[in-house]
Amino acid sequence: MAGHTLRFHGRAAALAGMDPEVSAEAAAALDRFEAVHGRAVPASVREWFALAQGADVLRKFGNGDAVYGADRLGREEFYYWPEDNGDWPDDVEEQEERPIDPVGALGLLPFLVENQGVWVMAVRLDGSEDPPVVISFDEVTPSAAWRPCADRFSDLVHARIWDAPVHRNGTQLATPEGTEPSALLDVLRRDFTSGPPTADGLQRYSRDGDRQRVLVEQWRGRWHTTAWAADEASAAALAATLGTDTGAEQ
């Protein structure tokens, strides 16, 4: 179904330049999920993964991460028991691989694994239409700790697409060490629009239809600011506002 109107992901799809065409195969796979698990796929998750390009766009705007297709969502995961937490039974000498149903056992729907397997993202199945996203650095296990990543799945999708050109082609700006760049943030909060929110402390600001983007983050006690512009005119306007050189994407 071409030209499909998106309720949750319209801005993300437009930013990615994707055609919101629904895949009959993907929609059928999501129907099978509901039949097997006896619960509905959250509306926001269904809307995205039913798209013909949904999973592929999340891969494209990532870092080589593994994104589950609609037919992979809700399947068994595997982990090694006993877990590496120092609490092994006395009579066990070697770990064994065991299955786990993240939907039934954990109330989670994993959908993305970092390219080296360092972390896993999952949707928390809390009954909401646009549920939160959580992240585990312990794989999918019974005792894994899951941290907040985004309050809404739609925000996570939007942020992933928004961030990609900034990370890949943005210009690092000098910021004061150890102190919040308050003057810069004052300008951004006044003249720019806040971008999609996530729970990792990143601050996103944009204007000119997202053709000018600034990403501000604090990492290891230092503030980092990255600016990106879609073309030379946008780069010149952004540089004039920020008072620094900002190159356009090549």
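Let us look at the structure shown here. (Residues numbered from 1 in each chain as written. Predicted model: local features only at pLDDT ≥ 70, side-chain atom pairs only at ≥ 80, totals over all residues. Heavy atoms only, no water.)

Looking at the overall build of the protein chain
When its secondary structure is counted, the protein chain shows eight helices and twelve strands. A sequence separation of at least 24 residues applies to 49% of the contacts in the protein chain between residues at least 6 apart. Surface summary for the protein chain: the accessible area is close to 12,700 Å², and the carbon and sulfur share equals 46%. (Helix = DSSP H or I, 4+ residues; strand = E, 2+ residues; numbered from the N terminus. Contact = heavy atoms within 4.5 Å. Areas by Shrake-Rupley, 256 points an atom, 1.4 Å probe, with all protein chains shown as cover.)

What to know about the pairing of strand β12 (residues 222–229)
Looking along a regular strand, one sees side chains alternate from face to face of the sheet. For β12, a buried count of six out of eight residues is recorded, marking the element as mostly surrounded by other parts of the structure. Of the strand pairs in this sheet, strand β11 (residues 212–219) and β12 are connected by eight bridges, and their pairing is antiparallel. Within β12, the position partnered with E217 by the bridge is H224. Following β11, the chain reverses through two residues before pairing antiparallel with β12; R220 in that reversal takes a positive phi of roughly 55°. (Buried < 20%, exposed > 50% of the residue type's maximum accessible area, 1.4 Å probe, protein only. Pairing = 2+ DSSP bridges.)

Regarding the packing of aromatic side chains
How two aromatic rings sit relative to each other is given by the distance of their centres and the angle of their planes. A complete count under the given rule lists three aromatic pairs for this structure. Here F49 and F111 contribute two aromatic rings whose centre-to-centre distance is 6.3 Å and whose plane-to-plane angle is 65°, an arrangement assigned as edge-to-face. Residue F49 is located in helix α3 (residues 43–49), and its partner F111 is located in strand β4 (residues 108–113); the two are separated by 62 residues in the primary sequence. F111 matches F49 in its accessibility class, with the two residues each being buried. (Phe/Tyr/Trp six-rings, centres within 6.5 Å; stacked < 30°, edge-to-face > 60°.)

Brief notes about the sheet that holds strand β10 (residues 203–207)
With antiparallel pairing, five strands are arranged side by side in an open sheet as β8-β12-β11-β10-β9. The open sheet has two edge strands, β8 (171–173) and β9 (193–194), and neither has a second partner. As paired elements, β8 and β12 share three bridges and run antiparallel to each other. Within β12, the residue paired with L173 across the bridge is T225. Across the sheet, helix α6 (residues 153–169) is in contact with β8, β10, β11 and β12; its angle to β11 comes to roughly 85°. (Axes fitted to C-alpha atoms, helices over the stretch in contact; angles between N-to-C directions.)

Read these as geometric descriptors, not functional statements.
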